[in-house]
Amino acid sequence: LLLLLLLLLLLLLLLLAVCDMRPSRLRRRGVALCAVLACAAVLATAGAADCPVFDKFDLPNGALAARRLGEFNADTRPLPSFALTNWKDLILTWSGPRDNPNSPPVRPTGVTGFFSASDTYTASAVAQDTFALLVGDTMYGEPMKWDGDAQMFPDGRFATLMRVYNGSSVPGVCVARSFFLPPQEEFYIVEYNLGNTLNTPITVSILDYTVAPAAVASTTQTGYYDETNDILRVTISPSAHYAYGVFGGTGDVEYQIGDATGNSSPLYQFVNSQHLSGQNSYNSQSVSVGTMTTVTIAPQSDVSIFFYRILQSSSDAVVQVVERVAGSDAQTWIMQGAQSYSAWLEKGLHPKLSSYQQALYEVSLVSMKNSINPTNGAFVASFHPAYEFKVWGRDAIFAGMIMDNAGYHDEAASFLHWLSSAQLRDNDMGLHTCYSWFNGLPVGFVEPQFDSAGAALLSYLIHYKLTGDMEPITAGINMIHRLEDFFIDNDDYDGLVPPDYSIWEESSDGHTGLPLDPSHFTFTQAMAYAGLYSASQLELLVGDSGRAKAAQSRAESLRQAIETLLWVPEKSNMDGGYYCRSLNATSKQPDLRHDGSTVAVVWTGASQNTSRSTSHLKQIISTLTKLEYGIARYEGDPFFYNSVFNPGGQEVGAESPPWPVVSMFTAWAEITLYEQAAAPTVDARLQWMLDHSARGIMPAGEAVDGVSGQIVMSSCPDLYEFAGVYIWTVLMEQGLAPTPNPHAF
């Protein structure tokens, strides 16, 4: 044993000596980073986080480096999806290989969609945008086997750190792949950072390639090499021209245009011959274009290689963008994009935050900025492909209010213009539940849901109160009238507004799948109250006192109905009364389960009885708290656990997992009732959000596993239900924004 200890001590001294000899550029904060030594022993750990290339990717003030990602293994739940826009007319979507922890790899990690406003974002120019790698004589040629962490940065960089290939690190090399879609520009940049972790030179060949979506039956695509402009091009359709260009990088370059699969595909040739044939044209239903670059990387060094993608509606327009791109190097374009992001962030409010908090706050803001359709202004609910890029009416309206409160009034006004033109349900029975992010038209989902109608009216008022801008109200007065008339005219439910399926959209039982009756949900009633009171104020602004009086009268009758029909008095087995989850529209029986969304009666002003509000909040916290400061949706919630409607199978270890959105709803109620006295608890809830953000520091999805604390990958990242509510709660807690209560403005 003594001999073994001596040997270990000698080995430690040797390793320290090796570390001390490493180039000073790999030292950070005066400490040598002894992560990857000349031997491969450390690299044998799956997904070792200590790659010097990875260390280059950090958030402001070292927030990401301080929060080390740790080992990447089979149980790791990385960020599964994201999207970028150019804030003008392009949308780019990205996905990792897995949508949920129960899924095997289903796609190569990379860009999954590249859309243009020129055809109303109808067709993508890209189905896959990924890579393969040859390190020395070892081929890493199955793109679906790459996996790793993804992180959005406040400067516009979306980086993917390739932590593992087939579950293990790549000895001697680490790979980071970043995407940039510079604001107002017509192209995106792909940057590879290849790092050599050894003390000897290493030769690496990288295949960077894209696959176009398959053309419709009986049509084909044409790919060809444009020698004049030195780019690879694909004509997707008469109105969609895609260009793939190599304007940067070092070393020898080879290219190939071929089929998406088979012997002519770039991937097949790279894997089987380690070269590309240089075929300069191809016609097929699905064309793939690729470029192979070979570089020799010095010991303990790294290189960057850049590629560009361009999407335009005509061949001539592609050439114009090529000429513009070629006028500057990649780093200049990246810096220009970073300046645009910095200038945009500067427009908003600036709460005082720690480095971790600031990182999540800014990343949440830029995530929400990129959730906006740059043409019509609508906010997508989630970037996750399982959620099909839908604009949930409720979520989008709250997202608009959050951007307004954060100081980004142009984005809020743009959304209100979209809202004013949105299609309503038949007979003006409220908004549809979902709309397409790409074209703004209704998309089928659980209906009816009327909470969005109340939230919409509130959003018009909030924008005016924050900006004094009457234009969205004037432009949207027809929509305002239709929504307030819906609530005023439908008053034959003992004062409540019509029954629906808001907020949790459960028209069928989660265990049996059998249909459920609509109910008068407390959340919908509270939002309707806020909307009706807001409508009364909006009508005063436009000078219609008759309508103002009618809306205010209906708001008051609704408030009284909430107190009469939805309040559950204290009983001997209860510690205080509370507002029930809902009232069944058919049986008229209350659903007595505690529901985290019902605290909306507090922060909308629907409950003006402080004693009842306090008792209700106490009940919600005592029955639904999970993981110390998280709050579940409702008692017995099966979603993500054993529901027949789970989008990704079982992702949590027990029923009723905590949801970030209701956790923040609870904080809003605490701020409403306790004001400054609520600060310690609200701070703890905000810290809970940070502790349960996605790997790195990223917005998570709808829920968190209440047993393990891991994220639920399905729906991640969720824009309003994580990023948005975090932003608004930070501002509320610091007194920079009020709660969504029309009386508070």
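Residues numbered from 1 in each chain as written. Predicted model: local features only at pLDDT ≥ 70, side-chain atom pairs only at ≥ 80, totals over all residues. Heavy atoms only, no water.

A. The confidence of the model for the protein, seen in detail. For the protein, mean pLDDT is 90; residues scoring 70 or higher make up 91% of the total. A low-confidence stretch, residues 12-49 (pLDDT under 50), is modelled with 69 contacts involving residues beyond four sequence positions or located in other chains. (pLDDT = per-residue confidence, 0-100. Contact = heavy atoms within 4.5 Å.)

B. Just the nonpolar core, in detail. By size, the foremost hydrophobic cluster in this structure holds 201 residues, and its most contacted members are Leu133, Tyr188, Leu194, Trp603 and Phe665. Ranked by the residues each element gives to this core, the list is headed by helix H19 (residues 719-733), at eleven residues. When residues no more than four places from it in sequence are discounted, the contact partners of Trp603 are Phe398, Phe523, Met527, Phe665, Trp668, Ala669, Thr672, Thr739, Pro740 and Asn741. One finds Tyr308, Ile310, Val322 and Trp333 within the second-largest nonpolar core, a separate group that totals 15 residues. (Core = buried A, V, L, I, M, F, W, Y, C linked by side-chain atoms within 4.5 Å. Buried < 20%, exposed > 50% of the residue type's maximum accessible area, 1.4 Å probe, protein only. Helix = DSSP H or I, 4+ residues; strand = E, 2+ residues; numbered from the N terminus.)

C. Structural detail: helix H16 (residues 610-624). In this model, H16 (15 residues) spans 21 Å end to end at C-alpha, consistent with the 21 Å of a helix rising 1.5 Å per residue. Buried residues of H16: Ser613, Ser615, His616, Leu617, Gln619, Ile620 and Leu624, and no others. Here the buried face of H16 lies against strand S24 (567-568), strand S25 (578-579), helix H15 (600-603), strand S28 (625-626), strand S29 (630-631) and helix H17 (660-674). Near the N-terminus of H16, the side chain that reaches the backbone nitrogen of Ser611, with its oxygen 3.1 Å away, is that of Asn609. (Expected span 1.5 Å × (residues − 1). Polar contact = N/O pair within 3.5 Å; in protein donor to acceptor, adjacent residues only side chain to side chain.)

D. Seen up close, the packing of helix H7 (residues 355-369) against H19. Interhelical geometry of H7 versus H19 gives an angle of 130° and a closest axis separation of 9 Å. When the axes of H7 and H19 are compared, the pair comes out oblique. With respect to the hand of their crossing, H7 and H19 are arranged in left-handed fashion. Along the contact surface, H7 presents Gln357, Leu360, Tyr361, Ser364, Leu365, Ser367 and Met368, while H19 presents Leu719, Phe722, Ala723, Gly724, Tyr726, Ile727, Val730 and Leu731. Its residues assigned to classes, the contact of H7 with H19 comprises eleven nonpolar, four polar and no charged. (Axes fitted to C-alpha atoms, helices over the stretch in contact; angles between N-to-C directions. Parallel < 35°, antiparallel > 145°, perpendicular 65-115°, else oblique. Left-handed = near helix turned anticlockwise from the far one by under 90°. Nonpolar A, V, L, I, M, F, W, Y, C, P; charged D, E, K, R; others polar.)

E. Representation of the pairing of strand S13 (residues 221-226) in the model. Strand direction decides the pairing type here: S13 and strand S17 (residues 281-284), joined by four bridges, are antiparallel. Residue pairing for S17: Gln221 is matched across the bridge by Ser284. The sheet contact formed by S13 and strand S14 (residues 231-237) spans five bridges and is antiparallel. Of the residues in S14, the one forming a bridge with Tyr225 is Leu232. (Pairing = 2+ DSSP bridges.)

F. Representation of helix H8 (residues 393-405) within the structure. Along its 13 residues, H8 runs 19 Å from first to last C-alpha, staying within 8% of the 18 Å computed at 1.5 Å per residue. Among the 13 residues in H8, 13 count as buried, and that is most of the element.

G. Spotlight on the packing of aromatic side chains. Considering all chains together, one arrives at 41 aromatic pairs under this definition. Geometrically, the ring pair formed by Trp87 and Trp344 is tilted, given 6.2 Å between the ring centres and 55° between the ring planes. Taken together, the residues span a long stretch of sequence, with Trp87 in the loop between strand S3 (81-85) and strand S4 (90-95) and Trp344 in helix H6 (residues 330-346) at a distance of 257 residues. We note that Trp87, like Trp344, is buried. With a centroid separation of 5.8 Å and 70° between ring planes, the pair formed by Phe131 and Tyr192 is classed as edge-to-face. Of this pair, Phe131 sits in strand S6 (residues 128-135) while Tyr192 is found in strand S11 (residues 187-196), placing the two residues 61 residues apart along the sequence. (Phe/Tyr/Trp six-rings, centres within 6.5 Å; stacked < 30°, edge-to-face > 60°.)

H. Geometry of the sheet that holds strand S21 (residues 434-436). Read across the open sheet, the three strands follow the order S20-S21-S22; overall the sheet is antiparallel. Each having just a single partner strand, strand S20 (390-392) and strand S22 (442-443) make up the two edges of the open sheet. Pairing geometry for S21 and S22, over two bridges, is antiparallel. Directly across from Tyr435, in S22, lies its bridge partner Pro442.

I. Inspection of the packing of helix H10 (residues 451-467) against helix H12 (residues 477-489) at higher detail. Two numbers describe how H10 lies on H12: the axes approach to 10 Å, and their chain directions differ by 135°. When the interaxial angle is binned, H10 and H12 end up oblique. The two elements H10 and H12 cross, and the hand of that crossing is left-handed. Between H10, through Ala453, Gly454, Ala456, Leu457 and Tyr460, and H12, the contact on the second element is made entirely by Met479, Ile480, Leu483, Glu484 and Phe487. A class-by-class count of the residues in the contact of H10 with H12 yields eight nonpolar, one polar and one charged.

J. Summary view of the pattern of salt bridges. The full count for this structure, using the stated rule, is 32 salt bridges. Arg593 is paired through a salt bridge with Asp591; the nearest N and O atoms lie 2.7 Å apart. Judged by relative accessible area, Arg593 falls into the partly exposed class, the value being 33%. Several salt bridges share partner residues, and in doing so they unite Glu506, Arg581, Asp591, Arg593, Asp595, Arg633 and Asp637 into one network. (Salt bridge = Lys/Arg side-chain N within 4 Å of Asp/Glu carboxyl O.)

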